[in-house]
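So you can see what is in the structure, the chains are spelled out below.
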Amino acid sequence: IGNPVVGCGGSTLLGYIGIDTIIEQMRKKTMKTGFEFNIMVVGHSGLGKSTLVNTLFKSQVSRKSAGWARDEKIPKTVEIKSVSHVIEEGGVKMKLTVVDTPGFGDQINNDNCWEPISKYINEQFEKFLKEEVNITRKKRIPDTRVHCCIYFISPTGHTLRQLDMEFMKRLSHSVNIIPVIAKADTMTIEERQEFKQRVRKELEMSGIEFYPQKEFDDDMEDKSDNDKIRETMPFAVVGSDKEYQVNNKRVLGRKTAWGIVEVENPNHCEFAQLRDFLIRSHLQDLKEVTHNIHYETYRAKRLNDNGGLHPISTNGTHDSNL
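Per chain, residues are indexed from 1 in the order of the written sequence. Under the rules for a predicted model, residues below a pLDDT of 70 receive no local features and side-chain atom pairs below 80 are neither given nor counted, while totals for whole chains, interfaces and linings still include all residues. Excluded from the side-chain calculations are hydrogens and water; all other atoms, namely the structure's heavy atoms, are used.

A. View of the sheet that holds strand E2 (residues 81–89). Pairing between strands requires that DSSP locate at least two bridges from one strand to the other. Comment: elements are numbered from the N terminus, with helices defined as DSSP H or I runs of at least four residues and strands as E runs of at least two. Within the open sheet, the 6 strands sit side by side as E2-E3-E1-E4-E5-E6. Their pairing is mixed. Across the chains shown, the open sheet's two edge strands, defined by having one partner strand only, are E2 and strand E6 (235–236). By the bridge criterion, 4 bridges tie strand E1 (residues 35–42) to strand E4 (residues 148–153) in an arrangement that is parallel. Residue pairing for E4: Ile 39 is matched across the bridge by Cys 148.

B. Expanded view of the nonpolar core. Residues belong to one nonpolar core when they are buried, are Ala, Val, Leu, Ile, Met, Phe, Trp, Tyr or Cys, and are joined through side-chain atoms within 4.5 Å. For the exposure calls, accessible area comes from a 1.4 Å probe over protein chains only, and a residue counts as buried if that area is under 20% of its type's maximum, exposed if over 50%, partly exposed in between. Counting residues in hydrophobic clusters, the biggest one holds 74 residues, and the most contacted among them are Ile 39, Phe 57, Phe 167 and Ile 178. We call two residues in contact whenever any of their non-hydrogen atoms come within 4.5 Å of each other. Beyond its immediate sequence surroundings of up to four residues, Ile 178 is in contact with Cys 148, Cys 149, Ile 150, Tyr 151, Tyr 211, Met 233, Leu 274, Phe 277, Leu 278 and Leu 286.

C. Quick peek at the pairing of strand E7 (residues 243–246). What you see with E7 is a clean split: Tyr 244 and Val 246 sit on the buried side and Glu 243 and Gln 245 on the side with no burial. Two elements, E7 and strand E8 (residues 249–256), share 4 bridges in a ladder whose sense is antiparallel. The residue of E8 that forms the bridge with Tyr 244 is Val 251.

D. Inspection of the sheet that holds E8 at higher detail. What the 3 strands build is an open sheet, ordered E7-E8-E9; its pairing is antiparallel. If you trace the sheet from one side to the other, it starts and ends with E7 and strand E9 (259–262), each paired once. Taken over all neighbouring pairs, the strand axes of this sheet differ in orientation by 70° on average, direction set aside. Fitting a line to C-alpha atoms yields each axis, with helices limited to the stretch in contact; the angle taken between N-to-C directions then spans 0 to 180 degrees.

E. A look at unusual backbone geometry. Following Tyr 211, the chain continues to Pro 212 via a peptide bond in cis, the omega torsion being 0°. In this structure, Pro 212 sits in the loop between helix H5 (189–205) and helix H6 (220–232). Cis geometry marks the peptide bond from Met 233 to Pro 234, where omega comes out at -5°. With respect to the helices, strands and loops of the structure, Pro 234 is situated in the loop between H6 and E6. Here Asn 248, not a glycine, exhibits a phi torsion of approximately 60°, which is positive. Its location among the elements puts Asn 248 in the loop between E7 and E8. Here Asn 248 falls in the exposed class, since its relative accessible area comes to 73%.

F. The arrangement of the packing of helix H2 (residues 49–56) against helix H7 (residues 271–281) in detail. The interhelical angle for the contact between H2 and H7, taken along N-to-C directions, is 65°, at an axis separation of 11 Å. The orientation of H2 with respect to H7, classified from their angle, is roughly perpendicular. Read as a crossing pair, H2 and H7 show a hand that is right-handed. Residues Leu 52, Thr 55 and Leu 56 of H2 touch H7, and the partners they reach there are Phe 271, Leu 274, Arg 275, Leu 278 and Ile 279. Each residue gets one label: Ala, Val, Leu, Ile, Met, Phe, Trp, Tyr, Cys and Pro are nonpolar, Asp, Glu, Lys and Arg are charged, and the others, such as Gly, are polar. Of the residues contributing to the contact of H2 with H7, the split by class is 6 nonpolar, 1 polar and 1 charged. Every angle not falling under 35 degrees, over 145, or within 65 to 115 is termed oblique; those three ranges are roughly parallel, roughly antiparallel and roughly perpendicular. Helix crossings fall into two classes, left-handed where the near helix is turned counterclockwise from the far one by less than a right angle and right-handed where it is turned clockwise.

G. Expanded view of a nonpolar patch on the surface. Residues form patches when they are more than 30% accessible in relative terms and have no salt bridge. Like charges link within 9 Å. Nonpolar side chains (Val, Leu, Ile, Met, Phe, Trp, Tyr) link within 5 Å. Only the protein chains shown count as cover for residues, and all accessible areas are computed by the Shrake-Rupley method using a 1.4 Å probe. Every case where a carboxyl oxygen of Asp or Glu lies within 4 Å of a side-chain nitrogen of Lys or Arg is listed as a salt bridge. Residues Ile 17, Ile 19, Ile 22, Ile 23 and Met 26 make up a contiguous nonpolar surface patch of about 560 Å² in total accessible area. Structurally, Ile 22 can be placed in helix H1 (residues 22–33).

H. Structural context of the state of the cysteines. Defined by distance alone, a disulfide is two cysteine sulfur atoms within 2.5 Å. Here the structure, examined in full by the defined rule, presents 0 disulfides. Not part of a disulfide, Cys 148 finds its nearest cysteine sulfur in Cys 149, a span of 7.0 Å. Given the relative accessible area of 0%, Cys 148 is considered buried.

I. Highlighting a negative patch on the surface. A residue counts as positive if it is Lys or Arg and as negative if it is Asp or Glu; His and the chain ends are not included. The atom standing in for a charge is NZ when the residue is Lys, CZ when it is Arg, CG when it is Asp and CD when it is Glu. Negative charge collects at one region of the surface, where Asp 218, Asp 219, Glu 221, Asp 225 and Glu 288 lie side by side. For Asp 219, the position within the fold is in the loop between H5 and H6. Take Asp 219: its relative accessible area is 39%, and that puts it in the partly exposed class.

J. Structural detail: the confidence of the model for the protein chain. With 88% of its residues at a pLDDT of 70 or more, the protein chain shows a mean pLDDT of 86. For every residue, the predictor states its confidence as a pLDDT score lying anywhere from 0 to 100. Confidence scores differ between elements of the protein chain, with E8 showing the lowest mean pLDDT of 80 and E4 the highest of 97.

K. Main features of the packing of aromatic side chains. In this analysis, rings of Phe, Tyr and Trp, with Trp reduced to its six-membered ring, are considered paired at centre separations within 6.5 Å, and the interplanar angle assigns stacked below 30 degrees, edge-to-face beyond 60, and tilted for intermediate values. Within this structure, the stated rule accounts for 8 aromatic pairs. Considering the side-chain rings of Phe 104 and Tyr 151, the 6.0 Å spacing of their centres and the 85° angle between planes classify their relative orientation as edge-to-face. With Phe 104 in the loop between strand E3 (92–100) and helix H3 (115–132) and Tyr 151 in strand E4, this residue pair connects regions lying 47 residues apart in the sequence. For Tyr 151, a relative accessible area of 0% translates into the label buried. Ring geometry for Phe 125 versus Tyr 295: centroids 5.9 Å apart, planes at 55°, classification tilted. A residue pair is termed long-range when its members are at least 10 positions apart, and Phe 125 in helix H3 and Tyr 295 in helix H8 (residues 283–305) qualify at 170 residues. Neither residue differs from the other here; Phe 125 and Tyr 295 are each classed as buried. The structure contains a cluster of three or more aromatic residues connected by ring pairs, namely Phe 125, Phe 128, Tyr 295 and Tyr 298. A ring is considered to have a charge above it if a Lys NZ or an Arg CZ atom is located within 6 Å of its centre and within 35 degrees of its normal. Positioned above the aromatic ring of Phe 128 is the side chain of Arg 145, whose terminal nitrogen or guanidinium carbon lies 3.6 Å from the ring centre. When the ring centre of Tyr 295 is taken as origin, the NZ or CZ atom of Arg 145, which lies over that ring, is 4.8 Å away.

Dropping the structure here:
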């Protein structure tokens, strides 16, 4: 019958081939092209959105540092403002885009104030799709798709507002939503825990799934890691770009009459957990879920509606609330 192939069925390979260099090859290629990451912040004004993003990336990356005045009037409708920065660490370059949504939830009547945000998210999908279906397409399509939306919940200690539920229900199928409880230092640890459980229960009762979504866990290891994360969400966070001296160490914190709330101290708030989750463990997964799930759903619907054959019109008259 012929000799069995060496290396199959668990038999040892004779000599060294070098397939283990594939990882290094991929690393080199990725380092050359760099990374893109687009993060959106949503929540009404005064919840510390800009400060939190600056604290996350230890840099002035929010719109406040991009030339917009601090005393801007509240916009009449939701505006979308994005600012991009290239940040570098250990030779890794990342083009970070922060998308802010001033005016969200700040009006007396907030009906449909999620619509401009939904429109923006879908416009970025559309832009990517147009590039993809071009006959001569770019080798590397610029990616402006929103990979992650941090949704700021007011630290009321009561229930979620109708607007919170509406927003997450409408947008959870087109963007990865990570809910956070803002300004968590306004609550005691017990109040915080109760509020977190109540928020989780309300979202579950309404069938709203936030990131990381259960159905996208790849394997048992993923499921067990993500279950632990889901049990601690929404993260109760405090942001601050001010430094203070505590026990001869410089720490980011907020000074109060009774002491300093240390942003990166896990006993004080869950900011460190949010950052580890968002950047150190799940950044690549956020991008993959955006591409393979949210964008794929949009793309399939667009091409299906279009018959899948004709070029997509460039007059931008499509329904942006797909």
